[in-house]
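The primary structure of each chain is shown beneath.
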Amino acid sequence: MAEKGIFAGLPWWVKWIAVPALVLVVFGSLIMTVLGFVIALVFKALLLVALIGGLIFVVKKFTSSSSSKSDW
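It should be emphasised that the depicted structure is a prediction, and the values quoted were computed from it without experimental measurement.

### Looking at the overall build of the protein chain
- What the protein chain contains, in helices and strands, is 2 helices and 0 strands.
- Taken across its 72 residues, the protein chain has 3% of its residues classed as buried.

### Regarding the environment of T63
- With respect to the secondary-structure elements, T63 resides in helix α2 (residues 12-70).
- The partly exposed category is assigned to T63, whose relative accessible area is 46%.
- Side-chain polar atoms of T63 contact the backbone oxygen of K60, separated by 3.2 Å.

Reading the values: the criteria
- Residues numbered from 1 in each chain as written.
- Predicted model: local features only at pLDDT ≥ 70, side-chain atom pairs only at ≥ 80, totals over all residues.
- Heavy atoms only, no water.
- Helix = DSSP H or I, 4+ residues; strand = E, 2+ residues; numbered from the N terminus.
- Buried < 20%, exposed > 50% of the residue type's maximum accessible area, 1.4 Å probe, protein only.
- Polar contact = N/O pair within 3.5 Å; in protein donor to acceptor, adjacent residues only side chain to side chain.

Below is the structure:
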């Protein structure tokens, strides 16, 4: 409710253009750092899932082929 009192007498462009622009100027590097960290974390998580999936595939392929050779 306090925000309505602060922005009550100001034009619309101050609320929707000037204030967000100031927030981006002041906290822009922090926002980009956090965003970069999150993107890197998601990429590493997807890479880990792909590597584990590939390892499981290779191990199952070799164990199934070695068990079929022992049947001979």
